[in-house]
Amino acid sequence: MEQFAMSILFLTPLLWTACLSVDDSTSALRETAASAATAEEQCLSLRQLRGQLLQADDREFHEDQIMDHAKEVSRRQNETSGVHKGTVRHEATEDAPISGTFIGSCKTYPCGTFAKNRSCQCNDECTRYKNCCADYVKQCASHGSHAVLAPPHLPYGHPSSKNYPERNGFTLWLVEDFDRPIDLDNDPIWTWSDGGLREGQVRFTKEQISFNGGKMQIKVQKNTGWQQPCSHAQTETIPRKPLVSGELRTRYNMFRYGRYEVRMRAPHVQFLKPQVDGNFVASMFVFRAASFRHWREVDVEVTGRRAGAISTNVLNADHTSRWHRWIEQTDYPKTYPGINVRAEFHTYAFEWLPGVIRWYIDGRKVREKRNDNLKVPEMSAKVMLNLWIYRPTKYPFGGFELKNDRFPMQSEYDWFRFYRWNGDMHYPPSDMDPKGLSKDDLYLTSNNPCDGIPQVGLVEKNGRQYPACYAKCR
């Protein structure tokens, strides 16, 4: 019985298609009534088990294992039952670039619902089980055509107003107006990073994040202190950096599809001289890189290269510890005339949906990316806001004029808002409780030694596994 249960765990939409073809081919199977009865009885059991598995929401199995097993089971079933007609699988389209798409329409099936007797589904879990209807993204993602019951106390965070813009198809979920300090060691949503990018000159510390005058400031300055070599955020030791800066981040990988907005001003590289170009990267992004099992990232990065230098990026890779050009699509170096990101506050946003991302500057759409050779990220991530400086090199990212940088310099954040897409019924959890997250969501998810989050899992690097380093809370 235990072995049977394990084999059933690999049931996927590919096998489900074979079962549906039994229903559609009743007349053809009447000639072999005994075989048809047996097949229909087996498929009825499989339907019941599949429904239980979907409800169980088991994330332990990788998609490649699932699909390989399902193909083999389906092949054997075809050989023994003679069911070869009535195939309901369709190729993915631009509107629904999800492999394994099936006959059916989200015009007929209400978005956000699940029924086990349908040939395809129109809820957010279909992207993981690869059984979305062909028009899923167009009907459900693009227009936000349905609503999800939301907790009555929304939004989370520290809102100062009751009047916020509404976004069609989205629910305002998290607001930070920065009118009062956030306790970065004890806040249930936010914390700080102890990381430091390999290619950067800064080490992130809590002290470089401050809240004053209704704004959050992140400051870069000379590193005159001492930091523990081990970084929980990067699960590795970091050599001493010449500068310190800050990174505000959410505690857990619990944010996914939705609209992310921030109003911010980039730093002056020289005091009160916003026209001077230099080097910096001031950002808002979502990021999942649990050293280094899954790398998922969607960025807005304001840089010191030009007064209107704003880049948008998306990265998607597995089992890689280093950047490669084929894991990223970016519009860098992009410059917007008539904008000075250092002199004024501007509003930056992106809508991250299944199969599509759209970026906005001051309410105007500036870029759209759909699934192609680089897929739109599909896994939950953390929200991050940071400021850092690139290392000296011939072609430094963030601006060529490193020599113009004067410290301290700081970026300012007026507010941040997250609107959850109404089609995502899993992330974030309705009560924002990490108990609703999967084991993979919690894999190596500590941000700093004081956040109280256990560092569970082994670091994957160069095909090997290592224990994560450990730092003490001071």
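Conventions we followed
- Residues numbered from 1 in each chain as written.
- Predicted model: local features only at pLDDT ≥ 70, side-chain atom pairs only at ≥ 80, totals over all residues.
- Heavy atoms only, no water.
- 1 Å grid on protein atoms, 1.4 Å probe; cavity = no way out; pocket = protein on both sides within 12 Å on 5 of 7 lines; lining within 4 Å.
- Points joined across faces, edges and corners; volume = space filled by probe spheres on them.
- Helix = DSSP H or I, 4+ residues; strand = E, 2+ residues; numbered from the N terminus.
- Nonpolar A, V, L, I, M, F, W, Y, C, P; charged D, E, K, R; others polar.
- Disulfide = S-S within 2.5 Å.
- Buried < 20%, exposed > 50% of the residue type's maximum accessible area, 1.4 Å probe, protein only.
- Salt bridge = Lys/Arg side-chain N within 4 Å of Asp/Glu carboxyl O.
- Polar contact = N/O pair within 3.5 Å; in protein donor to acceptor, adjacent residues only side chain to side chain.

Trainee: Any chance you could break down the layout of surface pockets for me, citing the residues and the numbers?
Mentor: Within this model, the second largest pocket holds a volume of roughly 1200 Å³. Considering the residues around the second largest pocket, the lining is formed by 45 residues, among which Leu 197, Glu 199, Phe 287, Trp 295 and Glu 297 are closest to the centre. When residues of the lining of the second largest pocket are traced back to their parent elements, those giving at least two are strand E12 (247–250), strand E14 (281–289), strand E15 (294–303), strand E16 (310–318), strand E17 (328–330) and strand E21 (382–388). Class assignment for the residues of the lining of the second largest pocket results in 19 nonpolar, 14 polar and 12 charged.

Trainee: Kindly report on the state of the cysteines, identifying the contributing residues and their values.
Mentor: Note on terminology: disulfide describes a covalent bond linking the sulfur atoms of two cysteines. Following the criterion strictly, the structure yields 4 disulfides and no others. There is a disulfide in this structure between Cys 120 and Cys 133, and the S-S distance comes to 1.9 Å. Between Cys 120 and Cys 133, the S-S dihedral sits near 85°, and the bridge is therefore right-handed. Of the two residues, Cys 120 sits in the loop between strand E2 (101–102) and helix H6 (126–129) while Cys 133 sits in the loop between H6 and helix H7 (136–141), which places them 13 residues apart along the sequence. Pair check on accessibility: Cys 120 and Cys 133 agree, each one buried.

Trainee: How would you explain unusual backbone geometry if you had to name every residue and give the values?
Mentor: Peptide bonds are mostly trans, and most non-glycine residues show a negative phi. The peptide bond linking Leu 154 to Pro 155 adopts the cis configuration, its omega dihedral lying at 0°. Along the chain, Pro 155 falls in the loop between H7 and strand E3 (156–158). Between Phe 407 and Pro 408 the backbone carries a cis peptide bond, its omega angle lying at 5°. By secondary structure assignment, the location of Pro 408 is in the loop between E21 and strand E22 (409–421). For His 319, which is not glycine, the phi torsion reads 55° and is therefore positive. Of note, His 319 is situated in the loop between E16 and E17. Although it is not a glycine, Met 432 sits at a positive phi angle of roughly 60°. Looking at where Met 432 falls in the secondary structure, it is placed in the loop between E22 and strand E23 (458–461).

Trainee: Explain the pattern of salt bridges to me, and be specific about the residues and the numbers.
Mentor: Applying the stated criterion across every chain, the model contains 23 salt bridges. Its salt-bridge partner being Lys 215, residue Asp 414 comes within 3.8 Å of it at the nearest N-O pair. On the criterion of sequence distance, the pair formed by Asp 414 in strand E22 and Lys 215 in strand E8 (residues 215–222) is long-range, its members being 199 residues apart. Note that Arg 296 is salt-bridged to Glu 378, the shortest N-O span being 3.2 Å. Here Glu 378 lies in the loop between strand E20 (364–370) and E21 and Arg 296 lies in strand E15, a separation of 82 residues in the sequence. You can call Glu 378 partly exposed: its relative accessible area is 31%. One connected set of salt bridges, linked through shared partners, spans Arg 167, Arg 259, Glu 261, Glu 351, Arg 358, Lys 365, Glu 368 and Arg 370.

Trainee: Tell me about the environment of Tyr 332, residues and numbers included.
Mentor: Positionally, Tyr 332 belongs in the loop between E17 and strand E18 (346–353). A sequence separation of 20 residues divides Tyr 332 from Thr 312, and the C-alpha atoms of the two residues are 7.1 Å apart. A polar contact is formed between the side chain of Tyr 332 and the backbone nitrogen of Gly 398, at a distance of 3.4 Å.

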